[in-house]
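Commentary on secondary and tertiary structure
Chain by chain, the residues:
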Amino acid sequence: MLSTTDVSGEAQMSLKLNEIVEEAYVPDKDYQPGATVHTVSSKGQMRRVKSRTTGRIEHTLSLLEYMVFIILDMDPQVVDIQSQYPHDLQTTLKLAHDLGINHSPQYEPEKKPLTTDFVVTLDGPEHEKFGVYVKYVQDLKGWRTIEKLQLERASLARLGIPLYVVTEEQICRKTHRTLEWIIGANLDDCDVDELYSHVATIQNVFLSNPDERIHNLLVALDEDIGVQDGTYLYRFKQLVQLGAFFLKFDRDFFDLRGADIQVVNEVLHA
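Cut-offs applied
Residues numbered from 1 in each chain as written. Predicted model: local features only at pLDDT ≥ 70, side-chain atom pairs only at ≥ 80, totals over all residues. Heavy atoms only, no water. Helix = DSSP H or I, 4+ residues; strand = E, 2+ residues; numbered from the N terminus. Buried < 20%, exposed > 50% of the residue type's maximum accessible area, 1.4 Å probe, protein only. Contact = heavy atoms within 4.5 Å. Areas by Shrake-Rupley, 256 points an atom, 1.4 Å probe, with all protein chains shown as cover. Expected span 1.5 Å × (residues − 1). Arc of directions from axis to C-beta. Salt bridge = Lys/Arg side-chain N within 4 Å of Asp/Glu carboxyl O.

The subject of this paragraph is the overall build of the protein. The helix and strand tally for the protein stands at nine helices and eight strands. Here the protein holds 270 residues, and 43% of them are scored as buried. Here the contacts in the protein between residues at least 6 apart in sequence split such that 67% fall between residues at least 24 apart. Carbon and sulfur atoms form 50% of the exposed surface of the protein, whose accessible area is close to 15,500 Å².

Structure, rendered in structure tokens:
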């Protein structure tokens, strides 16, 4: 094979112009999840969060799903996360018939599209995808759960997408504790726009004191503004859940410094 040093300058230019340049992957901003927090019966664990990876508002329908989503959203190899990925109904109906499975919902005459918790796209020339089925260990024992998992796996396999099961046992204890601490701040009936109005104030404190522990900074902010103790710590935890701030969840919260906190630009007020 000829090296470009063995051809003329004009030929080298021609080779460069004809090179295939890999374009950066851009998540579909118009992607619509197959299920949302508004279309599923609430169990008090559902959240809408702004994804740092996709720029979209993504939907998680359980505490464990939220934890898994945050871990995926922090992974630099992940370039897209499609939450509540909808399957083609006609495809899954046929697969259910072929597999001898009663398509969900089990006892309702009108079938609805199946959804998989997450379909993840990885960085790289092939933009490989994989599905994530999130379930607590104790909930994996029901036969209907196993059948639904089998149907989802068969449907994704037709698209060349493998499906993996993730339980609470795959999440490290420190991450689990930190996330549980964060979600101790309730989002029910909160004024989201009012919450977002505090982002700049908190961000400026962190930027001005990059080497100070954020817990101390938030306590001092309460004193400076003259609000009840713990107010800005609570607001910060709420804003983390909404995707306004990102931090390393595998570290002890009380060891985090101002420089460790990332702010999501152009947070959606949705």
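Before going further, it helps to examine helix H8 (residues 214–225). Relative to the 16 Å expected for 12 residues at 1.5 Å per residue, H8 spans 16 Å between its end C-alpha atoms, a close match to the ideal helical length. All of the buried residues along H8 are Ile 214, Leu 217, Leu 218, Leu 221 and Asp 222. With its buried residues spanning 145° around the axis, H8 presents them on a single face. Those residues of H8 that are buried lie in contact with helix H7 (199–208) and helix H9 (231–241). Residue Gly 226 follows H8 closely and has a positive phi angle near 80°.

Let's shift gears to the pattern of salt bridges. Counting across every chain of the model gives six salt bridges. Its salt-bridge partner being Arg 56, residue Glu 58 comes within 2.9 Å of it at the nearest N-O pair. The pair Glu 58 / Arg 56 is uniform in exposure class, with both members buried. For Lys 94, the salt bridge identified is with Asp 98, shortest N-O distance 3.0 Å. One end of the pair, Lys 94, and the other, Asp 98, are both in helix H3 (residues 89–99), four residues apart, so they sit about a helical turn from each other. Shared partners join several salt bridges into a network, and the residues in it are Arg 56, Glu 58 and Asp 80.

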